[in-house]
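What follows is the residue order along each chain.
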Amino acid sequence: MNTITEVRSSAAPRAGVREWTALAVLMLPVLMVSVDNTVLTFALPAVSVDLRPSGAQLLWMVDIYAIMLAGLLIAMGSLGDRVGRRRLLVIGAAGFGATSLLAAYSTSADMLVVSRLLLGVFGATLMPSTLSLLRNLFVHPDQRRIAIATWAAMFSGGAALGPVLGGYLLGHFWWGSVFLINVPVVIVLVVLAGFLLPESRDPSPGPLDLPAIVLSLTVMLPFVYGIKHAAHEGLDLIAAAAFALAIVSGRTLIRRLRRSEHPMIDLSLFGNRVFSGAIVANLLSLTALTGFLFLGAQLLQLVLGLTAMDAALVLLPGLVVTVVGGFAAVALLRRFSARVLVTASFGGSALGYGLMALTPVPSVFSVGLAFSLMGIGIGLAETITNDLMLSSVPPERAGAAAAISETAYEIGAVLGTAVLGTILTGVFRSHLTVPAVAQFGERDGSFETLGSTLDTAAQYPNEVGEQLRASAAAAFDLGVQSTSAVAIVVVLGAAAVSWRALRGV
């Protein structure tokens, strides 16, 4: 039986039609931000051909969005306490829509990277309000748990829905259309928020800590850059300097938070074993998911030859089981402990990656089955870990807990592409054999990624092109197997951490 401690009051008012309708409105920013975490994944091949980014630029297009979210979520949560959470939500939505237009019509790799950076900034203004407003709307504990399950399903389901939407749009329009889908959602959100969402703010907030905001960014940006650079060039002085800056900034930030009367991050929350264990589980489950989507999208389209839409349909069953798994967690918690369910969720991720690692020749069926196995685990993990985090802290700290939860989600998304994506790219480049004739005609970025390599091979309609295509496919398959092997170690380690940290719940 689930033993999560939660204050239950039979006198707590139950939500009505207005509150449930407001929940639907709150799901719009959750869905929009999580879809944008992964919707670009299926557009990467088209972006590679059109904008010809380097391998580093390709990864930054994916990573910078989640990096800015992770670095600014808690800061924006603090800002929302002062200006009003609903007001910040509306302002952020308007900025998110405008920046989506900028990203859709980017004319260079650098312009798209900057657009994604701005999307991350405005996305950070959207997310802190959702869980805190949700808690205000649903006072009754049982109804709040269902609302949290819906929130978690939209978060994880949105990440999986991104490639499906992207696949459909890419089958009918150009790659910039994956960003235009945000515009109608923003319009609906801005209109309905004023009618259905209550305004709330902290009645006595402390001063906004700008140095802490800067320090949080100087932890995240150098850390991810160091991972990328080390994978590409080795652990040289530049990579070492990036890691050193991240460590120094992290230590400085922690000291500042400990001395502050009104800290941006409440470090005492991490003294709660259940809270910390749920945070780690949340983070690593998203690392596994986004890493899989990064390699799976390219494998299905560029190696197995599927169209973007057909590739998206292969992942559709995984999306369905992710959402179903999230709602099933509510019922399963009545029969099994959270400790058992969260640990088992990582078993699903391990099985999915194991199938990818042990399949000599990947097929459409093997990729779809692997993602479905992962989806079951991701759905369970997201609902349970968010419920654990909110119920393991006092009600007055729920806002801080929600912000930390969302930050863990985004850090996991960063690590999925920064670590697993970098391993995939590094193995591909190190095992790619380029014929001498093709090397003679090489342009910047021609052999950085699988997409650009295949595009270059198409310029040689003879044996040279065939050799290059065969070498690229073989190098990428090896990269998928190597990346999957590393991911298995990560998720099994996460299972062990969850089993130890969540004992008694």
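Note that this is a predicted model, so its numbers are computed, not measured.

Colleague: So what about the overall build of the protein chain? Which residues, and what values?
Modeller: When helices and strands are tallied, the protein chain shows 18 helices and 0 strands. A total of 505 residues make up the protein chain; the buried ones form 59% of that total. On the protein chain, roughly 19,200 Å² of surface is accessible, and the fraction owed to carbon and sulfur atoms is 68%.

Colleague: Can you tell me about the environment of methionine 111, naming the residues and giving the values?
Modeller: Relative to the helices and strands, methionine 111 is located in helix H5 (residues 109-137). The class for methionine 111 is partly exposed, based on a relative accessible area of 26%. Spatially, the C-alpha atom of methionine 111 lies 9.7 Å from that of methionine 61, the residues being 50 residues apart in sequence. Those residues in contact with methionine 111 that sit more than four places away from it in its chain are Leu102, Tyr105 and Ser106.

Colleague: How would you explain helix H2 (residues 44-51) if you had to name every residue and give the values?
Modeller: Buried within H2 we find Leu44, Pro45, Val47, Ser48 and Leu51. The arc that holds every buried residue of H2, seen down its axis, measures 165°, which confines them to one face. The inward-facing, buried residues of H2 abut helix H3 (55-83), H5, helix H11 (273-303) and helix H17 (450-457). Just past H2, the residue arginine 52 takes up positive phi, approximately 50°.

Colleague: Tell me about the packing of helix H13 (residues 338-358) against helix H14 (residues 364-391), residues and numbers included.
Modeller: Following both chains from N to C, one finds H13 and H14 inclined at 160°, their axes separated by 8 Å at the closest point. One element, H13, and the other, H14, form an angle in the roughly antiparallel class. Crossing handedness for the pair H13 and H14: left-handed.

Colleague: Outline the side chain of threonine 125, listing residues and values.
Modeller: Positionally, threonine 125 belongs in helix H5. Here phenylalanine 122 takes part through its backbone oxygen, which lies 2.5 Å from a polar atom of the side chain of threonine 125. Those residues in contact with threonine 125 that sit more than four places away from it in its chain are Met76, Leu88, Leu89 and Gly92.

Colleague: Explain a nonpolar patch on the surface to me, and be specific about the residues and the numbers.
Modeller: On the surface, Ile187, Val188, Val191, Leu192 and Phe195 cluster together into a nonpolar patch covering about 460 Å² of accessible area. Tracing the chain through its elements places valine 188 in helix H8 (residues 182-196). Using a relative accessible area of 40% as the deciding quantity, one classes valine 188 as partly exposed.

Colleague: Residue-level account of the packing of aromatic side chains, with values.
Modeller: For the coordinates displayed, the defined rule picks out 5 aromatic pairs. With a centroid separation of 5.8 Å and an interplanar angle of 75°, the aromatic rings of phenylalanine 270 and phenylalanine 275 are classed as edge-to-face. Judged by relative accessible area, which is 0%, phenylalanine 275 ranks as buried. Seen from their ring centres, phenylalanine 292 and tyrosine 353 are 5.8 Å apart, and the 75° between their planes marks the pair as edge-to-face. Of this pair, phenylalanine 292 sits in helix H11 while tyrosine 353 sits in helix H13, placing them 61 residues apart in sequence. For the pair shown, phenylalanine 292 and tyrosine 353 are each scored as buried. Through pairs of rings, three or more aromatic residues link up here, namely Phe292, Tyr353 and Phe371. In this structure, arginine 339 packs its charged tip against the face of tryptophan 499, placed 3.7 Å from the ring centre.

Colleague: Break down the side chain of serine 484 for me, with residues and values.
Modeller: Assignment of secondary structure puts serine 484 in helix H18 (residues 463-501). Not counting the four nearest positions on each side in its chain, serine 484 is found in contact with Tyr353, Met356 and Ala357.

Colleague: Tell me what's going on with the packing of H3 against H5, and back it up with residues and numbers.
Modeller: Here H3 crosses H5 at 25°, and the two axes come no closer than 7 Å. It follows from the interaxial angle that H3 and H5 lie roughly parallel. When you trace H3 past H5, the crossing you get is right-handed. Class assignment of the residues belonging to the contact of H3 with H5 gives a composition of 19 nonpolar, 5 polar and 2 charged.

Colleague: Give me the nonpolar core: which residues, what numbers.
Modeller: Looking at soluble globular proteins, one finds that nonpolar side chains tend to be buried together. The biggest cluster of nonpolar side chains holds 145 residues, and the ones touching the most others in it are Leu134 and Phe179. With 17 residues, the top contributor of residues to this core is H3. Apart from residues no more than four positions distant in its own chain, leucine 134 is found in contact with Leu23, Leu26, Arg144, Ala147, Ile148 and Trp151.

Colleague: Pulling in residues and values, what's your account of the confidence of the model for the protein chain?
Modeller: On average, residues of the protein chain carry a pLDDT of 79, and 89% of them reach 70 or more. Across the protein chain, the element-wise mean pLDDT spans from 55 in helix H16 (residues 436-440) up to 90 in helix H10 (residues 237-259). Across residues 1-10, confidence stays below pLDDT 50; counting only partners more than four residues off in sequence or on other chains, it has 26 contacts.

Thresholds, definitions, all that
- Residues numbered from 1 in each chain as written.
- Predicted model: local features only at pLDDT ≥ 70, side-chain atom pairs only at ≥ 80, totals over all residues.
- Heavy atoms only, no water.
- Helix = DSSP H or I, 4+ residues; strand = E, 2+ residues; numbered from the N terminus.
- Buried < 20%, exposed > 50% of the residue type's maximum accessible area, 1.4 Å probe, protein only.
- Areas by Shrake-Rupley, 256 points an atom, 1.4 Å probe, with all protein chains shown as cover.
- Contact = heavy atoms within 4.5 Å.
- Arc of directions from axis to C-beta.
- Axes fitted to C-alpha atoms, helices over the stretch in contact; angles between N-to-C directions.
- Parallel < 35°, antiparallel > 145°, perpendicular 65-115°, else oblique.
- Left-handed = near helix turned anticlockwise from the far one by under 90°.
- Polar contact = N/O pair within 3.5 Å; in protein donor to acceptor, adjacent residues only side chain to side chain.
- Patch = residues over 30% accessible without salt bridge, like charges linked within 9 Å, V, L, I, M, F, W, Y side chains within 5 Å.
- Salt bridge = Lys/Arg side-chain N within 4 Å of Asp/Glu carboxyl O.
- Phe/Tyr/Trp six-rings, centres within 6.5 Å; stacked < 30°, edge-to-face > 60°.
- Lys NZ or Arg CZ within 6 Å of the ring centre and 35° of its normal.
- Nonpolar A, V, L, I, M, F, W, Y, C, P; charged D, E, K, R; others polar.
- Core = buried A, V, L, I, M, F, W, Y, C linked by side-chain atoms within 4.5 Å.
- pLDDT = per-residue confidence, 0-100.

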